[in-house]
2 protein chains.
Amino acid sequence: MNVLMNVYKIFRNTMLIFIVFSYLHGYEKLYGYEKVVNKEVFTLDSILLASGEELKNIEIGYETYGTLSKNKDNVILICHYYSGTSHAAGRYSVNDKLYGWWDKIIGKGKAVDTDKYFVIASDTLLNINVYDENVITTGPASINPQTDKPYGLTFPIIEFRDIINVQYELLKSLGIKHLIAVMGPSMGGIQTWQWAVSYPNFMDKIIPVIATPKADGWLIGWLNLWSRPILIDPKWNNGNYYFGKKPVNGTALSLQIVSMSANGSGWANSTFGRKWANPIQAPEDSLFNLFAIEKSLIDTSLYSAANIVDANSMLYLNKANALFDISKDFHSMEDALRSIKADILIINSKTDILFTQDEFINYLNIFKEINKPVSHFEINSSFGHLGGLYDIEQAGQSIKVFLDN
Amino acid sequence: MNVLMNVYKIFRNTMLIFIVFSYLHGYEKLYGYEKVVNKEVFTLDSILLASGEELKNIEIGYETYGTLSKNKDNVILICHYYSGTSHAAGRYSVNDKLYGWWDKIIGKGKAVDTDKYFVIASDTLLNINVYDENVITTGPASINPQTDKPYGLTFPIIEFRDIINVQYELLKSLGIKHLIAVMGPSMGGIQTWQWAVSYPNFMDKIIPVIATPKADGWLIGWLNLWSRPILIDPKWNNGNYYFGKKPVNGTALSLQIVSMSANGSGWANSTFGRKWANPIQAPEDSLFNLFAIEKSLIDTSLYSAANIVDANSMLYLNKANALFDISKDFHSMEDALRSIKADILIINSKTDILFTQDEFINYLNIFKEINKPVSHFEINSSFGHLGGLYDIEQAGQSIKVFLDN
């Protein structure tokens, strides 16, 4: 109960912050892609992976918002972030209090206007929220058709080229031959960059948010920390835990490190500060009397690790992120960026630890050097990296102008 | 051997970076407090702790550089950082290639000029490098005189007030009744702030480097991540591991998180980038084929956890850091800062994740509001928080002017 209360509190605090921010930014109605949304399923018999291996019996979930035009020429693809899902906007029922994660910019009259555009948000392969009832994905927790048992570590290495190839097949199955835009935050931005290089003629525009065109050494260092806790948990058992106890402690710690590294000091200090977890248990009285931020992060991550997230999927997704580099098949990053035909709007968060402001400045300079004009917007957020999610409305006008013109 | 090679490589790379930087900054001779230094030991029968408990049989190590004046009025106290020791300058032998950690600013003619000043650097209680032959400390790995066994979790909670009270007793034992200055980086800066509030008449000047006057919610969140890996390691065994196997995996992961959160993207990208750990093991071929930064951080942290660092000491030191708040016995932070009588030079590192630039701006604004002038210098470093160590020479001139005038 305590855990659930804390999950609820985090949620409530986040909502409160949303509402205050939206008021400050003059939004009359923050939430509300107005229709109830459903999860759809795309299945694919088989795909050839970048590794050369074949993956069979693939399924991924997706959602759509708005109406597909007769010519199927009004489509925007939204790609989700690391711990996210294809639930980018709307609600699952009229009583659902939690809207999709980019609902602030997706809907009637919003930056991504569902009166104009048909928006598709797709789950990725390796989605870590395997036990979320609204997630449909294929990964190491899926059943290997050859053995009728979960793959575990026999699952092949997946790269972002594979992840977007599955999305390409999904679009093909819907008869969509061209996109207005591909966009997404964080790992969604990674997919966006990969789309622009893998299918340069398939879209008019890209909006990679809080993501650069490759994982640099710094990000690889962090991704390693998102895997190590799982690897040192004895219950992980070389990935063979599907019939025994799950490596909850290791997975929870991985999620806790994700939370801190993706967040910002402003969030921690305004939400928690030096508040105690329990008003009658002073932190100075025991090694185990916690401050509020400690208990909150531990409880929420333990809840997710026990009920929602799959450990092996995190390991595989961390690997995919570390492998990400659009310049891989080019002579240089300059050549890779030159190959992009879409117009580009780059959005970063000033306080981002994972994809630093300095890195974005580097890439903006490269675009200048190769004479390729790009649009750019910087979000000023107390949420660090997550500013690209929670404060995305700051970029709303820039996104609207970029998409509509 | 592989581990040792990597430790050596990290060391060599760091040295190389030092040398390049020092050249750029126009230092002719970077290292060289010229004398060989020795570790001295201070022992204390007993002290009353902030918790009300009594701690007995205390010993801490210290080093000195320069010559104590006849009137004992030329003393500067240097406090060490989280994973540091009292080896702030000089070498242990003429063949010793590794100089103390602030050697760049301590020595003949340097910012902290040993021709003028007598410099004392002291180990703290709870020093985590318990098995470093040059560290002398008292903490949970020490022998409890009542049981003749290591304290483990029966060791009392220590606060920074206690840590500096022991240093005060050390100075008293040397007949030193007043200090020119107290200074130190990171946790050394924390001690510096604590000194200024606990003994406001004892020093003329303070130089807290890369540290604010309290641990905020954000820092508390990180400190929790520096403890959790130990707590979930089954070998930690509630702190009773001194006669069995040490919790090496958990301790190593804690140290690895310390390394990343205290460092900066510039360091990771210039030292490692996307280099592979092994040129014939492509990271895309296996979940366990690593990039260079991954292997380097894992190897060095495993080496330290197995040979140098005590897990319980990390837990206690993390707790002490989380409890740090100079305003604790005051009505407000403003009152606490007003109570400081020493002149203040604040030094921060622009790219610091743990003590962010924004937090320093907050404190500089508070000093303005209470009409208390302070000097300030910002280091611009690729090492994040560790800029306060590795790039301290940037502040050399400011420190020299501040101390000498």
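Criteria and thresholds
- Residues numbered from 1 in each chain as written.
- Chains lettered and ligands numbered in written order.
- Predicted model: local features only at pLDDT ≥ 70, side-chain atom pairs only at ≥ 80, totals over all residues.
- Heavy atoms only, no water.
- Least-squares fit on C-alpha atoms with pLDDT ≥ 70 in both.
- Core = buried A, V, L, I, M, F, W, Y, C linked by side-chain atoms within 4.5 Å.
- Buried < 20%, exposed > 50% of the residue type's maximum accessible area, 1.4 Å probe, protein only.
- Contact = heavy atoms within 4.5 Å.
- Pairing = 2+ DSSP bridges.
- Helix = DSSP H or I, 4+ residues; strand = E, 2+ residues; numbered from the N terminus.
- Axes fitted to C-alpha atoms, helices over the stretch in contact; angles between N-to-C directions.
- Salt bridge = Lys/Arg side-chain N within 4 Å of Asp/Glu carboxyl O.

A. Seen up close, the relation of the copies chain B and chain A. With an axial shift of 0.0 Å and an RMSD of 0.0 Å, the rotation relating chain B to chain A amounts to 180°. The transformation just described matches what one would write down for a two-fold rotation axis.

B. Main features of the nonpolar core. With 262 residues, the main nonpolar core has Trp193 and Ile399 of chain A together with Trp193, Trp195 and Ile399 of chain B as its most contacted residues. Apart from the residues within four sequence positions on either side, Ile399 of chain B is in contact with Ile105, Ala111, Val112, Met183, Ile207, Leu345, Ile347 and Ile392 of chain B.

C. Summary view of the sheet that holds strand β1 (residues 40-48) of chain B. Residue and element names in this part refer to chain B. Spatially, β1-β2-β6-β3-β9-β10-β11-β12 is the arrangement adopted by the eight strands of the open sheet, whose pairing is mixed. Each edge of the open sheet is held by one strand with a lone partner, namely β1 and β12 (375-379). Sheet twist, expressed as the average angle between the axes of neighbouring strands with direction ignored, equals 20°. Both strand β3 (residues 75-79) and strand β6 (residues 118-122) contribute to a ladder of five bridges, which runs parallel.

D. Expanded view of the pattern of salt bridges. All names here are of chain A. One pass over the structure, following the stated rule, counts 26 salt bridges over all chains. Here Asp329 ties to Arg161 by a salt bridge, and the two come within 3.1 Å at their closest N and O atoms. Placement of Asp329 in the loop between α8 (311-323) and α9 (333-338) and of Arg161 in helix α2 (residues 160-173) is noted, with a sequence separation of 168 residues between them. By relative accessible area, Asp329 is classed as exposed at 58%. Given a relative accessible area of 22%, Arg161 falls into the partly exposed group.

E. A look at the sheet that holds strand β6 (residues 118-122) of chain A. Residues and elements named next belong to chain A. Within the open sheet, the eight strands sit side by side as β1-β2-β6-β3-β9-β10-β11-β12. Their pairing is mixed. Looking at which strands have only one partner, the edges of the open sheet turn out to be β1 (40-48) and β12 (375-379). Ignoring which end each strand starts from, the neighbouring axes of this sheet average 20° apart. Pairing of strand β11 (residues 343-349) with β12 involves five bridges; the strand directions are parallel. When the sheet's bridge partners are listed, Ile346 is paired in β12 with His376. Lying over the sheet, helix α12 (residues 396-404) contacts β3 (75-79), β9 (179-185), β10 (203-209), β11 and β12, oriented at roughly 165° with respect to β10.

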